[in-house]
Every structure is written in C-alpha cells, then in structure tokens.
Amino acid sequence: MANIAETGLYNYLVESKTPGLKENVKLITLKKGAQLYGTSEPFTDIFEIVSGAVKLGGISVKGKDYIYELVTPGEFFGNLALLSNDTFCEFCKTLTATQFRSYKVDFFKHLMTHDPKVAEWCFAKIVYRWNKTESMLANIRSYEPRERILLLYADLHKKITTAGNREVFLNKLITYNDIADLTATTRQLAADTIK
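All values derive from a computational prediction rather than experimental measurement. (Residues numbered from 1 in each chain as written. Predicted model: local features only at pLDDT ≥ 70, side-chain atom pairs only at ≥ 80, totals over all residues. Heavy atoms only, no water.)

Focus on helix α4 (residues 105-114)
Quick note on the threshold: For each residue, the accessible area found with a 1.4 Å probe, counting protein chains only, is set against the maximum for its type, and the residue is called buried under 20%, exposed over 50%, and partly exposed in between. To qualify as a helix, a DSSP run of H or I must reach at least 4 residues; to qualify as a strand, a run of E must reach at least 2; elements of each kind are numbered from the N terminus. The arc in question is traced by the directions running from the helix axis to the C-beta atoms.
Taken residue by residue, α4 has V105, F107, F108 and L111 as its buried positions. Along the long axis of α4, the arc covered by the buried residues comes to 165 degrees, so they all point the same way. In α4, those exposed residues whose orientation departs by more than 90 degrees from the buried face are D106, T113 and H114.

Laid out in structure tokens, this is it:
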C-alpha cells in the first residue's frame, strides 16, 4: 500500500477501500475571490486543497477583515468543530480558482482514531502548520519590518496550479493588505517595499 504523504489522503483512502468514502467526501470548485465559509459559520467540514490557494482570516473588533494564513495544495484546514468551543471563528476566501475536497468532520475523526497511518499523517500535517505559524511569528520578532516583507514575498515566490490548470506565483495573488497582515506591518510599507 502506498504512503499517504506520497499519494495523498484521498488516494490512500480509495486504495484501501475505506467504507463511506463517497458519502463523506465531496469535490468542490470555487472561482477566484469566492468565500468558502465565513466567521458566522461555527462548524464546517475539514477541507483539503487539491489545487489553487486560499487565505484564512478573521474580523477585528473594529469590523475589519484581516488574514493570518495562506493555505496551498496538500494542506488541510477547517473551522474546526473538533475544538469543541464557539470562540474559534474564521473566514476562508479563495485567492484563485480553487478545488477542494470536503471531508465530513465525523468521518475525519473516525479515520484518525481507527487508522494509525491516517493519524500519523495527520499529526505530521498539524506539526507542519504549527511550524509555518511559528516561523512567521519568529520572523516578526527577528527582523525589521522591511526585511519581514521581503522575506515573505520571496518565500511566496512559488508556483501553484489553479483549478483551471493555470500555473501562477503565489506572491502575485496576494494584496499589500495581505502582506501587511502576514508581516505585522502596514499596507503602505508593504507597497513601498515591494515596488
């Protein structure tokens, strides 16, 4: 049987003939700029990006949108009902035409608790996301504002494939506001630094 990290979760589940796959996993395609879910939706499925990219964020106490993460193919996310609290809320907006796999939460929980290979793979994905966040916070603490902006912009200079099978650079999809949010700077400084 193939390694989940190499073939992907869905292909692993197909190959292992996992019961309930068709009823609990569906494919969704959204256009650029669409919202997959909003902050008022306390529970969503668990989503895997097949192609494209999204930004995750929230709404400040002043009512302004902000983002805190970009998610790309192979990554998982969701407004996790797994946390069992109602204080967690986020929105998810597409940066480009994006295709997702949507896993029902109970099915995903069952996979993690009944298949050690899935659990091991999922823990690796969680640690990857933690590392991404910790690295971003470390950059905010370690570098001057302009350096943070340039580091992020260079880090995001990677190609992704959209749901329409177009290759685009991730750093060309985000706005100066997005860069400012991800680097704890201002939109104006992001614009001045990148020009």
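Focus: the pattern of salt bridges
Note on pairing: side chains with opposite charge can pair once their charged atoms come close. The condition is simple: Basic side-chain nitrogens of Lys or Arg form a salt bridge, by our definition, when they fall within 4 Å of a carboxyl oxygen of Asp or Glu.
Throughout the structure, instances matching the rule amount to seven salt bridges. Here K93 makes a salt bridge to D65, at a shortest N to O gap of 2.8 Å. Residue K93 is located in strand β7 (residues 91-94), and its partner D65 is located in strand β5 (residues 65-71); the two are separated by 28 residues in the primary sequence. The exposure class of K93 is partly exposed, given its relative accessible area of 21%. Here R129 ties to E69 by a salt bridge, and the two come within 2.7 Å at their closest N and O atoms. Linking R129 in helix α5 (residues 116-142) with E69 in strand β5, this pair joins segments that are 60 residues apart in sequence. Residue class for E69 comes out buried when judged on its relative accessible area of 6%. Each of E69, E75, R129 and K132 takes part in one network of salt bridges that share partners.

Concerning unusual backbone geometry
The phi angle of most residues is negative, glycine excepted, and most peptide bonds adopt the trans form. With a phi angle near 55 degrees, K17 is a residue other than glycine that sits in the positive phi range. The topology assignment puts K17 in the loop between α2 (9-15) and α3 (21-24). The class for K17 is exposed, based on a relative accessible area of 69%. A positive phi is found at N165, a non-glycine position, where the angle reads about 65 degrees. Of note, N165 is situated in the loop between β9 (159-161) and β10 (167-169).

Here we look at the pairing of β7
Inclusion rule: Two strands form a pair only when DSSP identifies at least two bridges running between them.
The pairing of strand β2 (residues 35-37) with β7 spans two bridges and is classified as antiparallel. Bridged to Q35 within β7 is K93. As paired strands, strand β4 (residues 54-59) and β7 are joined by four bridges and run antiparallel to one another. Paired with V54 across the two strands is T94, which belongs to β7.

Section: the confidence of the model for the chain
Put simply, the test is: The quantity known as pLDDT measures the predictor's confidence residue by residue, on a range of 0 to 100.
Of the residues in the chain, 94% have a pLDDT of 70 or more, and the chain-wide mean is 91. Across the chain, strand β1 (residues 25-30) holds the top mean pLDDT of 97, while helix α1 (residues 4-7) sits lowest at 88.

With respect to the sheet that holds strand β8 (residues 98-103)
Pairing between sheet strands relies on hydrogen bonds along the backbone, with the strands arranged either parallel or antiparallel. Going by this rule: Contacts were defined at the residue level, with two residues in contact if any of their heavy atoms lie within 4.5 Å. To define axes, lines are fitted to C-alpha atoms, for helices over the stretch in contact only, and angles between the resulting N-to-C directions are given on a 0 to 180 degree scale.
Here four strands make up an open sheet; going across it, the order is β1-β8-β3-β6 and the pairing antiparallel. This sheet does not close on itself; its edge strands, each paired only once, are β1 and β6 (76-77). Both strand β3 (residues 46-51) and β6 contribute to a ladder of two bridges, which runs antiparallel. Bridged to F47 within β6 is F77. Where α4 meets the sheet, it contacts β1, β3, β6 and β8, and its direction lies at approximately 70 degrees from that of β8.

As for the packing of helix α6 (residues 145-155) against helix α8 (residues 187-194)
Where we set the bar: Oblique is the label for every angle not falling under 35 degrees (roughly parallel), over 145 degrees (roughly antiparallel), or within 65 to 115 degrees (roughly perpendicular). The hand of a helix crossing depends on one turn: near helix anticlockwise from the far one by less than a right angle means left-handed, and clockwise means right-handed.
Contact geometry of α6 with α8 gives a least axis separation of 10 Å together with a crossing angle of 65 degrees. One element, α6, and the other, α8, form an angle in the roughly perpendicular class. The handedness of the crossing between α6 and α8 is right-handed. Here P145, R146, I149, L150 and Y153 of α6 come into contact with α8, specifically with L189, A190, D192, T193 and I194.

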